[in-house]
Amino acid sequence: MATTPTDSLDDVDEDAAARGAVYATLSKGFEYPTESFHEAAANGSLEADLRACFDRTALDVSVPSLTTDDDYRTLAARYNDIFELGYSEYTDRTDGSLDAEGPPVPLYESKYRPDHSWNDVNLDLSRAYSHYGLEIDQETRDNHDALTYELEFAGYLARREAAVGSDAARARLDFHDRHLGHAAAGVAERLRDEPGTDIYGGLGDLLEAVVRADRNDLADRLEGRR
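What counts, and at which threshold
- Residues numbered from 1 in each chain as written.
- Predicted model: local features only at pLDDT ≥ 70, side-chain atom pairs only at ≥ 80, totals over all residues.
- Heavy atoms only, no water.
- Helix = DSSP H or I, 4+ residues; strand = E, 2+ residues; numbered from the N terminus.
- Buried < 20%, exposed > 50% of the residue type's maximum accessible area, 1.4 Å probe, protein only.
- Contact = heavy atoms within 4.5 Å.
- Areas by Shrake-Rupley, 256 points an atom, 1.4 Å probe, with all protein chains shown as cover.
- Salt bridge = Lys/Arg side-chain N within 4 Å of Asp/Glu carboxyl O.
- Phe/Tyr/Trp six-rings, centres within 6.5 Å; stacked < 30°, edge-to-face > 60°.

Counting secondary structure elements, the protein chain contains 8 helices and 2 strands. Reading the helices (α) and strands (β) of the protein chain from amino to carboxyl end gives α-α-α-α-β-β-α-α-α-α. Burial status across the protein chain gives 44% buried among its 226 residues. Considering only contacts within the protein chain whose residues lie at least 6 apart along the sequence, 69% involve residues at least 24 apart. Taken as a whole, the protein chain presents about 11,500 Å² of accessible surface, with 43% of it coming from carbon and sulfur.

In structure tokens, the structure reads:
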């Protein structure tokens, strides 16, 4: 997602800025792994950096193990098996009947919203991004409901809260309730049911815990409710 910079970094709210860093890191965690991401996961710096971020927030979130013994090619193959590759086989080759399924853990909010159409989910997200002058990166264009985009947007709103104020915090609370909370819960649940997730199981647990804790903290601070 192409973003616009936040305002001056003077008098930044450190808690909100740290939450923004957590969301940005989670977004990278659910992208196809780069070699630098693999290195951070393998040497423990990914987990250590996230723990340092949480130490700067008021969120009561425990960071699970986020290390891997996989080499880079194995981690990339694991990602593909969990998030990218579906299953298909011909049930009747005489007429071309095909039984096909998506990947075990789809990374799109609409896959977890049976009560909402794909169009309604993505149109609402497009309007939310556009309101802040944000747009999908044309070089890596994906659907608006991609989990990585939603995490980037939550991170942007947290950084904007850090630099600008409570309007962005209210927008993030609304975003959790309307979108990210559903995606995070759905992805985490699927990951818990999937064998051999390695680091991605921990990332799923952390994703759900962060979104829930951030949402509840915002509701308490802004509206006195959960």
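A few words now on the environment of Tyr72. Topologically, Tyr72 is positioned in helix H4 (residues 72-84). As a C-alpha pair, Tyr72 and Pro33 span 39 residues in sequence and 8.3 Å in three-dimensional space. Other than its neighbours up to four places away in sequence, Tyr72 contacts Tyr32, Pro33, Thr34, Glu35 and His38.

Let us look at the pattern of salt bridges. Summed over the entire model, instances satisfying the criterion amount to 19 salt bridges. Salt-bridge contacts for Arg51 lead to Glu47; the nearest nitrogen and oxygen are separated by 2.8 Å. Taken as a pair, Arg51 and Glu47 lie in helix H3 (residues 45-55) at a separation of 4 residues, close to a single helical turn. A residue is classified by how much of its surface remains accessible, and Arg51, at 36% relative accessible area, is partly exposed. We note a salt bridge from Asp177 to Arg215, for which the minimum N-O separation is 2.9 Å.

Take the packing of aromatic side chains next. For any two aromatic rings, the description comes down to two numbers: the centre-to-centre distance and the angle of the planes. Evaluated as defined, the whole model comprises 10 aromatic pairs. Taking 5.9 Å as the distance between ring centres and 70° as the angle between the ring planes, the aromatic pair formed by Tyr132 and Tyr156 counts as edge-to-face. Taken together, the residues Tyr132 in the loop between helix H5 (118-131) and helix H6 (147-163) and Tyr156 in helix H6 connect sequence positions 24 residues apart. Under the relative-accessibility criterion, Tyr132 is labelled buried at 18%. Aromatic side chains Phe153 and Phe175 sit 4.9 Å apart centroid to centroid with 80° between the ring planes, which places their arrangement in the edge-to-face category. With Phe153 in helix H6 and Phe175 in helix H7 (residues 166-193), this residue pair connects regions lying 22 residues apart in the sequence. The same class applies to Phe153 as to Phe175, namely buried. Three or more aromatic residues link up through ring pairs in this structure, and these residues are Phe30, Tyr32, Tyr79, Phe83 and Tyr200.

In short, geometric facts, not functional conclusions.
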